[in-house]
Amino acid sequence: MGAMAMAVPVVRRHECASVYLIHAAGTFENGLGVVGKPLAGNLTDVLPSFAAVGLDSSAEYDATVAEGGQTMGDLIANLSSTCPEQKFILSGYSKGAMVVHATDLSDELKSHVCGISVFGDPDDAKGLAAGRGLADVWPIVDPVIGVNVAPFCNDGDAICDGGLDIATHLAYATDGSVTQAAAVLAAACA
Ligand SMILES: *[C@@H]1O[C@H](CO)[C@@H](O)[C@H](O)[C@H]1NC(C)=O
Ligand SMILES: *[C@@H]1O[C@H](CO)[C@@H](O)[C@H](O)[C@H]1NC(C)=O
């Protein structure tokens, strides 16, 4: 028997992940934060070509949510010019969910977004920022809840559900929401 040829790993200079998660973390959080980290972990397990980045709340949207939306939009535009086939998952926790709503994309860039998830969203119909009227505004073509948009708001959550309970607002990372979100997003973006 002749020696079998072994596959040699190839390092490409401009590696474009097929699916790229941009997660806006909650107030005072940086990087992927408490929700973005397990979300990225769950997506890494199921998407063969995947990368993730977190927007720092202190740098990107401490002053205004609009700033964060601008940064998220610029990042999508920049990555799309380098990696035109790349699809994006946009995600946000708490104030970061408002950043997702504030991301104003051209129709062309919206078509690169394959899925959205938000957790404890102040812009939700009963949330603290409901007056902005953005509960149903999503930067994606043809948003359908449960298909390409996965919003999570726990009963009584003080931030998104008009409740008094802060514990439920802090529960998303550990109550199974992240796992459910990853299932929806993986199906939408595979
Ligand atoms: C998947 O998400 C769950 C929370 O829903 C978390 O406990 C678990 O660590 C995550 N898995 C990975 C690989 O990050
Ligand atoms: C996008 O690219 C421009 C031009 O290279 C750069 O100035 C800007 O910082 C980038 N923005 C983001 C969010 O990556």
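Located above this text is the structure these notes cover.
Bear in mind that the values here come from a model prediction, so they are computed numbers and not experimental data.

Asks: How do you make sense of the nonpolar core when you look at a structure like this?
Replies: Nonpolar side chains in soluble globular proteins tend to end up buried together. Ile-22, Met-72, Ile-76, Phe-88, Leu-90 and Ile-116 are the most contacted members of the largest nonpolar core, which totals 25 residues. When residues of this core are traced back to their parent elements, those giving at least two are strand 1 (19-24), helix 3 (65-82), strand 3 (87-93), helix 4 (95-101) and strand 4 (113-119). When near neighbours in sequence (up to four residues on either side) are disregarded, Ile-22 contacts Val-53, Leu-55, Met-72, Leu-75, Ile-76, Leu-79, Phe-88, Ile-89, Leu-90 and Ser-91. With 23 residues, the next largest nonpolar core counts Cys-114, Ala-181, Val-184 and Leu-185 among its residues.

Asks: Explanation requested: the packing of aromatic side chains in the structure shown.
Replies: In this structure the tally under the stated criterion is 4 aromatic pairs. In textbook terms, an aromatic cluster arises when at least three aromatic residues are bridged by ring pairs, as seen for Tyr-93, Phe-119, Phe-152 and Tyr-172.

Asks: Explanation requested: the pairing of strand 2 (residues 50-55) in the structure shown.
Replies: Walk down a regular strand and you will see the side chains alternate between the two sheet faces. Two strands pair when backbone bridges link them, and strand 1 and strand 2 are joined in this way by 6 bridges, in the parallel orientation. Paired with Leu-21 across the strands is Ala-52, a residue of strand 2.

Asks: Please clarify how the site of ligand 1 should be interpreted in this entry.
Replies: Looking at ligand 1, the residues that line it are Pro-38, Gly-41, Asn-42, Asp-45, Ala-173, Gly-176, Val-178 and Thr-179. Taking Asn-42, its side chain carries an N or O atom lying 2.3 Å from an oxygen atom of ligand 1. Between an oxygen atom of ligand 1 and a side-chain N or O atom of Thr-179, the distance comes to 2.7 Å. Put simply, the parts of the chain that give the shell around ligand 1 at least two residues each are helix 1 (33-46) and helix 6 (177-189). It is helix 1 that contributes the most residues to the shell around ligand 1, 4 residues altogether. In the shell around ligand 1, the residues fall into 3 nonpolar, 4 polar and 1 charged.

Asks: I tried to follow the environment of Gly-41 on my own but got confused; where do I start?
Replies: The residue Gly-41 is located in helix 1 in this model. For the pair formed by Gly-41 and Lys-126, sequence separation is 85 residues and the distance between their alpha carbons is 30 Å.

Asks: Any chance you could explain the side chain of His-23 here in plain terms?
Replies: If you trace the backbone, His-23 turns up in strand 1. Within the local environment of His-23, its side chain forms a polar contact with the backbone nitrogen of Gly-36, the two atoms lying 3.5 Å apart. Look past the residues within four positions of His-23 in its chain and what remains in contact with it is Leu-32, Val-35, Gly-36, Val-53, Gly-54, Leu-55, Ser-91, Gly-92 and Tyr-93.

About the cut-offs
- Residues numbered from 1 in each chain as written.
- Chains lettered and ligands numbered in written order.
- Predicted model: local features only at pLDDT ≥ 70, side-chain atom pairs only at ≥ 80, totals over all residues.
- Heavy atoms only, no water.
- Core = buried A, V, L, I, M, F, W, Y, C linked by side-chain atoms within 4.5 Å.
- Buried < 20%, exposed > 50% of the residue type's maximum accessible area, 1.4 Å probe, protein only.
- Helix = DSSP H or I, 4+ residues; strand = E, 2+ residues; numbered from the N terminus.
- Contact = heavy atoms within 4.5 Å.
- Phe/Tyr/Trp six-rings, centres within 6.5 Å; stacked < 30°, edge-to-face > 60°.
- Pairing = 2+ DSSP bridges.
- Near = heavy atom within 4 Å.
- Polar contact = N/O pair within 3.5 Å; in protein donor to acceptor, adjacent residues only side chain to side chain.
- Nonpolar A, V, L, I, M, F, W, Y, C, P; charged D, E, K, R; others polar.

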